[in-house]
Amino acid sequence: MASDKKSRTQYWAERLECPVDDNANYRNTFWCNRDLIPIPEDRRTWTWQGFAGYWVICGAIIGPKFRDLANTLPVSANVDTASLISFFVFITIFLPLPMIPPEKLQLPFRIVFVMITATMFGMLGWSIHAAGGAGALMSAPATSSGSSLSWAAVFGLQSIVGSQASGCLGQSDWTRYARSPNSALFGQFICAPIFIVVTSVCGILITSAAATIYGEYIWNPFELLLTVQDHSMTPASRAGTFFAGLGFLVDQLALCQMLNGISTGMDMAALCPKWINIRRGCYILTVVAVAICPWNYVTNPGTFITVLSGWSVFLSPMTGIVVSDYFLVRKGEYHIGDMYMGNSHSAYWYDFGFNWRCFSAWILGMAPLLRT
């Protein structure tokens with residue numbers, strides 16, 4: 001009886017192992033699978049255009065019947081019926097995306113790059129034209145001075161850095177697919193700083209101009225589109241909000257796949273590569289995303305922004321350690337083969353597989369930031 005149970009367990013363990021390519025020169029182990037091996041040349045498909053689009057992404061047709069759908073949920077749910085339906089529609093649209101391998105996502109990202117750029121500048125042009133200028137926010141006097149103004153500027157900078165921290169951290173998930181080491185440089189050194197600044201400035205200008213039109217500052221672009229529909233449901237307004245909403249939709253789909261799905265899938269694959277690959281990790285993340293009821297996290301915008309601004313507290317020391325280790329300690333050299341060895345023969349085995357010096361440096365680098 002025990003042997004039958006063991007054989008069934010072994011059978012399902014083998015059935016659930018990650019797929020292996022035909023004529024593969026690797027095998028699934030507790031240390032690697034198809035997604036964790038050094039990327040072969042035929043899968044290195046990403047060029048500078050793809051990385052440029054990466055950083056841009058990191059940056060109404062249904063009409064009033066659905067928008068005004070009666071809410072049947074209690075206030076304690078922190079979400080209304082229409083928003084909940086929209087959430088599950090979005091999840092349904094997202095579900096096929098993990099089936100696309102990362103090396104084949106460059107063309108879809110280029111399309112998203114064009115759509116979200118057109119959306120951003122389209123909203124900018126509309127708001128400034130409708131308001132007759134950039135709005136009062138651009139000429140309003142400062143309401144703070146001295147140290148309070150300085151700390152407000154620091155908080156704003158920290159919020160921007162925090163919102164982009166996951167994109168910076170996730171770069172290595174994609175540079176593995178670059179055709180050459182220089183393919184990612186244009187996106188990292190040119191596109192990243194430019195588009196981070198441009199998208200922030202566009203957001204401020206759109207909000208300022210929209211305040212002149214509607215009498216209130218609306219920082220959330222989705223709420224701005226809903227406000228446009230509240231004030232006007234002409235064919236032009238519906239068409240404009242539809243195409244803007246479509247641009248944001250594809251951008252959010254790409255963002256979820258790029259920064260959430262692939263990155264989390266790769267991390268989970270590293271935890272259990274014999275049975276979890278990027279695709280399976282993406283679907284596990286999707287289940288978790290539904291289970292945590294994410295609408296509760298955005299009910300209070302202040303809390304959400306605070307979390308974003310604090311994210312860099314944990315990532316900054318980690319980034320410093322990685323950069324210092326690569327350039328100063330190891331002089332730009334890693335022993336790739338040793339990274340896939342799970343014993344003391346590996347150069348990276350340290351103390352039973354843990355580098356306590358790294359954890360100590362991370363804690364020491366993070367502690368002062370937590371106190372502030």
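Residues numbered from 1 in each chain as written. Predicted model: local features only at pLDDT ≥ 70, side-chain atom pairs only at ≥ 80, totals over all residues. Heavy atoms only, no water.

The protein carries the name Uracil permease in an unreviewed UniProt entry, which gives Cytospora mali as its organism. UniProt's Sequence similarities (unreviewed entry) comment on the protein is quoted here verbatim: "Belongs to the purine-cytosine permease (2.A.39) family." (UniProt positions renumbered as here; feature names shortened; annotations may be inferred.)

Trainee: Please clarify how the overall build of the protein should be interpreted in this entry.
Mentor: Along the protein, the regular secondary structure elements total 13 helices and 0 strands. Counting over 372 residues, the protein shows a buried share of 32%. Accessible area for the protein stands at about 22400 Å²; split by element, carbon and sulfur atoms hold 68% of it. (Helix = DSSP H or I, 4+ residues; strand = E, 2+ residues; numbered from the N terminus. Buried < 20%, exposed > 50% of the residue type's maximum accessible area, 1.4 Å probe, protein only. Areas by Shrake-Rupley, 256 points an atom, 1.4 Å probe, with all protein chains shown as cover.)

Trainee: Can you help me understand the environment of Gly 240 in this one?
Mentor: Note that Gly 240 resides in helix α10 (residues 235-271). Along the backbone, Gly 240 and Leu 225 are 15 residues apart, and their C-alpha atoms lie at a distance of 8.9 Å.

Trainee: Help me understand the packing of helix α9 (residues 221-231) against α10, please; the structure alone is not making it clear to me.
Mentor: Each packed pair of helices is defined by two parameters, the angle between the axes and the distance between the axes. Between α9 and α10, the least distance of the axes is 10 Å, while the angle of their chain directions is 160°. Here α9 lies roughly antiparallel to α10, going by the angle between them. Note on packing geometry: the crossing formed by α9 with α10 is left-handed. Every residue of α10 that contacts α9 at Pro 221, Phe 222, Leu 225, Val 228 and Gln 229 is listed here: Ser 237, Thr 241, Ala 244, Gly 245, Phe 248 and Gln 252. Here the contact of α9 with α10 is built from residues that sort into 6 nonpolar, 5 polar and no charged. (Axes fitted to C-alpha atoms, helices over the stretch in contact; angles between N-to-C directions. Parallel < 35°, antiparallel > 145°, perpendicular 65-115°, else oblique. Left-handed = near helix turned anticlockwise from the far one by under 90°. Contact = heavy atoms within 4.5 Å. Nonpolar A, V, L, I, M, F, W, Y, C, P; charged D, E, K, R; others polar.)

Trainee: Would you mind showing me how to read the UniProt feature "transmembrane region" (unreviewed entry) in the protein here?
Mentor: The residues that UniProt annotates with the feature "transmembrane region" (unreviewed entry) are residues 82-100, 107-128, 190-219, 239-260, 281-298 and 304-328. In this annotation, residues 107-128 is assigned 100% helix and 0% strand; the end-to-end C-alpha distance for the span is 32 Å. For residues 239-260, helix accounts for 100% and strand for 0%, while the C-alpha atoms at its two ends are 30 Å apart.

Trainee: Please explain the pattern of salt bridges as it appears in this structure.
Mentor: Think of it this way: side chains of opposite charge can pair up when their charged atoms draw near. Inspection of the entire model under this criterion finds 1 salt bridge. One salt bridge connects Asp 325 with Arg 330, and the closest N-O pair in it is separated by 2.9 Å. Overall, Asp 325 belongs to the buried group, its relative accessible area being 19%. With relative accessibility at 22%, the residue Arg 330 sits in the partly exposed group. (Salt bridge = Lys/Arg side-chain N within 4 Å of Asp/Glu carboxyl O.)

Trainee: Looking at this model, I keep getting lost on the nonpolar core. Mind explaining?
Mentor: Where a protein is soluble and globular, its nonpolar side chains tend to be buried together. Counting residues in each nonpolar core, the largest one holds 16 residues, and the members touching the most others are Phe 109, Trp 174, Met 258, Ile 262, Met 266 and Ile 278. Formed by 15 residues, the second largest nonpolar core is a distinct cluster that contains Ile 116, Ile 206, Leu 224 and Ala 244. (Core = buried A, V, L, I, M, F, W, Y, C linked by side-chain atoms within 4.5 Å.)

Trainee: Got a minute to help me understand the confidence of the model for the protein in this structure?
Mentor: The predicted coordinates should not be examined in detail at positions where pLDDT is low. Within the protein, residue pLDDT values average 76, and 81% of them lie at 70 or more. Counting interchain partners and residues more than four positions distant, the pLDDT-below-50 stretch residues 52-63 has 45 contacts. (pLDDT = per-residue confidence, 0-100.)

Trainee: Can you help me understand the packing of helix α5 (residues 106-131) against α10 in this one?
Mentor: Between α5 and α10, whose axes approach to 9 Å, the crossing angle comes to 135°. Taken as axis vectors, α5 and α10 run oblique relative to one another. At the point where α5 passes α10, the crossing takes the left-handed sense. Where α5 approaches α10, its residues Phe 109, Val 112, Met 115, Ile 116, Thr 119 and Met 123 are matched on the opposing element by Phe 243, Ala 244, Leu 246, Gly 247, Phe 248, Val 250, Asp 251, Ala 254 and Met 258.

Trainee: What exactly am I supposed to notice about the side chain of Ser 346 here?
Mentor: Looking at the element boundaries, Ser 346 is found in the loop between α12 (301-329) and α13 (356-371). Residue Ser 346 is classed as buried on the basis of its relative accessible area, which comes to 7%. With near-sequence residues (within four places) excluded, Ser 346 lies in contact with Asp 338 and Met 341.

Trainee: Looking at this structure, how should I read the packing of aromatic side chains?
Mentor: Two measures describe an aromatic ring pair: the distance that separates the ring centres and the angle between the ring planes. Under the defined criterion, the tally for this structure stands at 5 aromatic pairs. Centroid distance Tyr 326 to Phe 327: 4.9 Å. Interplanar angle 90°. Geometry classified as edge-to-face. Using a relative accessible area of 31% as the deciding quantity, one classes Tyr 326 as partly exposed. An angle of 40° between the planes, with centres 5.4 Å apart, marks the rings of Tyr 326 and Tyr 334 as tilted. (Phe/Tyr/Trp six-rings, centres within 6.5 Å; stacked < 30°, edge-to-face > 60°.)

Trainee: When you look at helix α11 (residues 278-291) in this model, what are you seeing that I'm missing?
Mentor: For α11, built from 14 residues, the straight-helix expectation of 20 Å at 1.5 Å per residue is met to within 8% by its first-to-last C-alpha distance of 20 Å. Listing the buried residues of α11 in full gives Ile 278, Gly 281, Cys 282 and Thr 286. For α11, the buried positions fall inside an angular range of 145° around the axis, keeping them on one side. Facing away from the buried surface of α11 by more than 90 degrees, the exposed residues are Val 287 and Ala 291. A positive backbone phi angle near 50° is found at Cys 293, which sits one or two residues after α11. (Expected span 1.5 Å × (residues − 1). Arc of directions from axis to C-beta.)

Trainee: Sorry if this is basic, but what is going on with a nonpolar patch on the surface here?
Mentor: A cluster of nonpolar residues, Val 323, Tyr 326, Phe 327, Leu 328, Val 329, Tyr 334, Ile 336 and Met 339, forms a patch on the protein surface that exposes about 760 Å² of accessible area. Looking at Met 339, the relative accessible area reads 39%, which means it is partly exposed. (Patch = residues over 30% accessible without salt bridge, like charges linked within 9 Å, V, L, I, M, F, W, Y side chains within 5 Å.)

Trainee: What's the story with unusual backbone geometry in this structure? I'm lost.
Mentor: Of all residues except glycine, most have a negative phi; of all peptide bonds, most are trans. Look at Lys 331: it is not a glycine, yet its phi comes out positive at around 55°. Take Lys 331: it is sitting in the loop between α12 and α13.

Trainee: For this particular structure, what's the right way to read α5?
Mentor: Every α-helix winds through 3.6 residues per turn, so residues three or four apart in the chain are directed the same way. Taking 1.5 Å per residue as the helical rise, α5 with its 26 residues ought to reach 38 Å, and the 37 Å between its terminal C-alpha atoms agrees with that figure. Here α5 has its buried residues at Gln 106, Phe 109, Val 112, Ile 116, Thr 117, Thr 119, Met 120, Met 123, Leu 124 and Ser 127. Just downstream of α5, Gly 132 is the residue with a positive phi angle, here 75°.

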